[in-house]
Amino acid sequence: MTLHHSAKPPEDLADRKAIRFFFRGDKDIVECLVSYEALERLENAELVSRSDRLARFEQHRPRIEAAALHKIESGGTTEGPISLDAQDVVSGSAV
């Protein structure tokens, strides 16, 4: 499957404590979630507001997207959201 950036902007989902972002696949849209904890661990700094979370996501977007692609290619399903936690994003394989 080939994945490309989606035109949909990222969304802050406070109730799920995650940022939702999307990839456009060959035939569908792949939904991904990256946890607030993962975003905080990227810089070992707490995120206190929605704007902080979205800014941190954008700053580290290439790394986060690489982690999502790695998870999909490693057997992750494209059914339902691909969930990324701190281990997925901070690990060396995501770089």
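So, here is what we can say about the structure in this document. Numbering of residues begins from 1 in every chain and follows the order in which that chain's sequence is written. Per-residue local features are limited, in this predicted model, to residues with pLDDT of at least 70; the limit for side-chain atom pairs, both in listing and counting, is 80 or more; totals at the level of whole chains, interfaces and linings are taken over all residues. Side-chain metrics in this entry use all non-hydrogen atoms of the structure; hydrogen atoms and water are not considered.

## What to know about helix H1 (residues 36-43)
Inspection of H1 places Tyr36, Ala38, Leu39 and Leu42 among the buried residues, and these make up the whole buried set. Viewed along the axis of H1, the buried residues span an arc of 165°, placing them on a single side of the element. Against strand S2 (11-13), strand S3 (18-24), strand S4 (29-35), helix H2 (50-59), helix H3 (61-73) and helix H4 (86-90) lie the buried residues of H1. Where H1 terminates, the next one or two residues include Asn44, which has phi positive at roughly 50°. We call a residue buried when its accessible area falls under 20% of the maximum for its residue type, exposed when it is over 50%, and partly exposed in between, using a 1.4 Å probe and counting protein chains only. Helix and strand definitions follow DSSP, with helices as H or I runs of at least four residues and strands as E runs of at least two, each counted in order from the N terminus. Note: the arc covers the axis-to-C-beta directions of the helix. Contact between two residues is taken to exist if any of their heavy atoms lie within 4.5 Å; hydrogens are not considered.

## Examining the packing of aromatic side chains
Aromatic contacts are taken between Phe, Tyr and Trp rings whose centres are within 6.5 Å, Trp giving its six-membered ring; a plane angle under 30 degrees counts as stacked, one over 60 as edge-to-face, and the others as tilted. Here the structure, examined in full by the defined rule, presents two aromatic pairs. Seen in terms of ring centroids, Phe21 and Phe23 are 5.9 Å apart; in terms of plane orientation they differ by 75°. Their pairing is edge-to-face. Given the relative accessible area of 3%, Phe23 is considered buried. Pairing Phe21 with Phe57 gives two aromatic rings, centres 5.2 Å apart and planes at 45°, and the pair type is tilted. With Phe21 in strand S3 and Phe57 in helix H2, the pair connects residues that are 36 residues apart, well separated along the chain. Overall, the relative accessible area of 0% leaves Phe57 in the buried class. Aromatic ring contacts, followed pair by pair, group Phe21, Phe23 and Phe57 into a single cluster.

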